[in-house]
Amino acid sequence: MRPVSFPIDSRGDEPRFLAIARAVSDAIASGRLRPGDALPGSRALAESAGVNRNTVLAALRELHGEGWIETDGTRGTFVTRDLPERKARAMRGLPAAKRDAARPAFELRGVSPSELGMRHHPGPVPPRAPFPLLGGWPDVSLVPHAEIARAFRRALARSGSELLGYGDSRGDQRLRRALAALLAQTRGVVAGEDGLVVTRGSQMALDLAARATLARGDVVAVEAYGYRPAWEAFRAAGAELVPVAVDASGIRVDALEALARKRTVRAVYVTPHHQYPTTAMLPAARRLALLDLAKRERFAIFEDDYDHEFQYDGRPTLPLASADDGSRVVYVGTLSKVLAPGLRIGFLVGPRALLERAAALRAFVDRQGDLAVERAVAEIIDDGLLARHARKMRRIYRERRDALAEALEKKIPQLSFDVPAGGLAIWVRAPRKCDVDAWALRAAERGVLVHTARRFTFDGRAEPRMRLGFAPLEPKKIQEAVGRLATCAS
């Protein structure tokens, strides 16, 4: 193979195996290693990096899990052959100085601050039931209520007059600073406190981004299985939505490319980390292809990273935004899943011109967020409570994921599924002729709530699939819920 050096630059407390994995993926994404190139042996890599072989093997497992490399029997390890050849910034983030795009690489055709409208699209709230197998619903009984209350009291005691008055429509400065540090450290998204807007949940972020970006009649591509509240935000901005096929690896970028040849696509909305609702993870090859396509066709990528914290097998794949220079990816996130939906903390990261429009729109719709709550959340992040709570919830939710998978295998063997590596739900497939909607109605009568495919298909058609959430219930209740679901099967 061609000799390629891997400069290893550890970031803070980053484990050494991750630094090695990032160095190799940077070499691949920059074009210094091409698809099909052989990698040095693990012993040679260990010697050149000055680490033991186990560290290198851990790095190779990380790279394989993210789709950067593949093994070929006894021949060795190679760069994945279906990665598109390109010279681009690595998928593992950019230095802060590079993320400074004043203007987006796509056209801003949406409403301007002088052309304001008001919309509100609250999502449906399911009825109370003893056994909610609903994906995306965290267990709020495990939220550290006392610590949040103390953080709220500290915030008011220190800055009550400031926090109870009018403030910045972009959000509390300290929270923006804390979120910016969090995104840089855990997701490779380097934005800075002036590179994001705090919103009341991710739905507001999506609505603001849509109205700041789109004009009536603009085509927005969406995943054919997807998140309907996001679709409605785009429709409310006047967009025409076109579904793009989804398979076991997420959105089909080749299908999106075919659409772009026929229509002028202004934006695509994607959930690449845990595709909603299927939980599929978009592999590296498709991520690179999607970024390349957006660059060629000059459309925006709306990336919804709604539950980044919950990856149980391996480490979370970094967002598309971590490889963007700030001009193309509009990144939306939330703390609702990891902390509490009721706190209504979301955020929007994107080009400065878009953020200025979004902040202006927000000022006339909502004026500002709850500054006291925002400051309290900043205290929680800065004190390390959020990170500790996330670690605890990953352990608990992984146990509940496994409990749901085991219960389904034992009690409803006619359902098939893949155990997801992350997320808060399992996407299950029923026999072809099974009427899952009737099944769900019978289950609801017995106190078990489930979401069927009709909720997620673009045209609302029925399919023999369900999304079963495991986060709200303890393992014993999961067992009982699945037992009740089984008795309603026919």
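None of these values were measured; they are calculated from a predicted model.

Conventions we followed
- Residues numbered from 1 in each chain as written.
- Predicted model: local features only at pLDDT ≥ 70, side-chain atom pairs only at ≥ 80, totals over all residues.
- Heavy atoms only, no water.
- Helix = DSSP H or I, 4+ residues; strand = E, 2+ residues; numbered from the N terminus.
- Buried < 20%, exposed > 50% of the residue type's maximum accessible area, 1.4 Å probe, protein only.
- Polar contact = N/O pair within 3.5 Å; in protein donor to acceptor, adjacent residues only side chain to side chain.
- Contact = heavy atoms within 4.5 Å.
- Phe/Tyr/Trp six-rings, centres within 6.5 Å; stacked < 30°, edge-to-face > 60°.
- Lys NZ or Arg CZ within 6 Å of the ring centre and 35° of its normal.
- Axes fitted to C-alpha atoms, helices over the stretch in contact; angles between N-to-C directions.
- Left-handed = near helix turned anticlockwise from the far one by under 90°.
- Nonpolar A, V, L, I, M, F, W, Y, C, P; charged D, E, K, R; others polar.
- Pairing = 2+ DSSP bridges.
- Expected span 1.5 Å × (residues − 1).
- pLDDT = per-residue confidence, 0-100.
- Salt bridge = Lys/Arg side-chain N within 4 Å of Asp/Glu carboxyl O.
- Parallel < 35°, antiparallel > 145°, perpendicular 65-115°, else oblique.
- Right-handed = clockwise from strand over helix to strand, strands pointing away.

Draft legend 1. Focus on the side chain of H274. As for its position among the elements, H274 is in the loop between strand 9 (265-270) and helix 9 (284-297). By relative accessible area, which is 1% here, H274 ends up buried. A polar contact is formed between the side chain of H274 and the side chain of Q311, at a distance of 2.7 Å. Not counting chain neighbours up to four residues away, the residues in contact with H274 comprise T279, A280, M281, Y306, D307, F310, Q311, G422 and G423.

Draft legend 2. Up close: the packing of aromatic side chains. Scanning all chains against the criterion turns up 11 aromatic pairs. Aromatic rings pair up to connect Y225, Y227, Y276, Y306, W427 and F456 into one cluster. Here the basic side chain of R81 rests over the ring of F78, its NZ or CZ set 4.8 Å away from the ring centre.

Draft legend 3. Broad picture of the packing of helix 5 (residues 173-187) against helix 11 (residues 371-382). Look at helix 5 against helix 11: their axes get within 8 Å of each other, and the N-to-C directions meet at 35°. Where helix 5 crosses over helix 11, the two elements pack in a sense that is left-handed. Together, R174, L175, A178 and L179 of helix 5 and E374, R375, V377, A378, E379, I381 and D382 of helix 11 make up the contact between the two elements. The class makeup of the residues in the contact of helix 5 with helix 11 is six nonpolar, no polar and five charged.

Draft legend 4. How the structure looks around the environment of D435. Tracing the backbone shows D435 in the loop between strand 14 (425-429) and helix 13 (436-445). Taking the C-alpha atoms as reference, D435 lies 9.0 Å from S490; in sequence the two are 55 residues apart. A distance of 3.2 Å separates a polar side-chain atom of D435 from the backbone nitrogen of D437.

Draft legend 5. Expanded view of the sheet that holds strand 6 (residues 240-244). Spatial ordering of the open sheet is given by 4-12-11-10-9-5-6, a layout of seven strands whose pairing is mixed. For this open sheet the edge positions go to strand 4 (196-199) and strand 6, each flanked by a neighbour on one side alone. Neighbour-to-neighbour, the strand axes of this sheet turn through a mean angle of 20°, independent of strand direction. The pairing of strand 5 (residues 219-223) with strand 9 spans four bridges and is classified as parallel.

Draft legend 6. Just helix 9, in detail. Look at helix 9: 20 Å from first C-alpha to last across 14 residues, which is about the 20 Å you get at 1.5 Å a residue. With respect to burial, helix 9 is a largely interior element, 10 of its 14 residues being buried. Residues of helix 9 that are buried include every one of A284, A285, R286, R287, L288, L290, L291, D292, L293 and A294, and no others. Once helix 9 finishes, R298 follows within two positions and takes phi at roughly 55°, a positive value.

Draft legend 7. The arrangement of unusual backbone geometry in detail. Here the amide bond leading from Y276 into P277 is cis, since omega sits at 20°, within 30 degrees of zero. Summarising the element assignment, P277 is placed in the loop between strand 9 and helix 9.

Draft legend 8. Main features of the confidence of the model for the chain. The pLDDT averaged across the chain works out to 88; a share of 90% of its residues lies at or above 70. Within the model, pLDDT remains below 50 along residues 87-97, and this stretch shows 41 contacts once partners closer than five positions in the same chain are excluded. Below pLDDT 50 for its whole length, residues 114-125 participates in 15 contacts with residues either more than four positions away or in separate chains.

Draft legend 9. Quick look at the sheet that holds strand 17 (residues 465-469). With respect to topology, four strands assemble into an open sheet ordered 13-14-17-16, the strand pairing being antiparallel. Only two strands of the sheet have a single partner each, and these edge strands are strand 13 (416-417) and strand 16 (451-452). Both strand 14 and strand 17 contribute to a ladder of five bridges, which runs antiparallel. Pairing of R429 across the sheet is with R465, part of strand 17.

Draft legend 10. Main features of the pattern of salt bridges. This model, assessed by the stated rule, comprises 37 salt bridges. The partner of D437 in a salt bridge is R454, and the shortest N-O contact between them spans 3.3 Å. Residue D437 is found in helix 13, and its partner R454 is found in the loop between strand 16 and strand 17; the two are separated by 17 residues along the sequence. A relative accessible area of 41% means that R454 is categorised as partly exposed.

Draft legend 11. Region of the structure containing the packing of helix 6 (residues 201-213) against helix 10 (residues 352-365). Between helix 6 and helix 10, whose axes approach to 9 Å, the crossing angle comes to 115°. One element, helix 6, and the other, helix 10, form an angle in the roughly perpendicular class. With respect to the hand of their crossing, helix 6 and helix 10 are arranged in right-handed fashion. The residues of helix 10 that touch helix 6, namely those facing M204, L208, R211, A212 and T213, are L354, R357, A358, L361, R362 and V365. For the contact of helix 6 with helix 10, the residue count by class is seven nonpolar, one polar and three charged.

Draft legend 12. Representation of the pairing of strand 6. Pairing of strand 5 with strand 6, which is carried by five bridges, proceeds in the parallel orientation. Note that in strand 6 the partner of E223 across the bridge is V244. Note on the crossover from strand 5 through helix 7 (residues 228-236) to strand 6: the handedness is right-handed.

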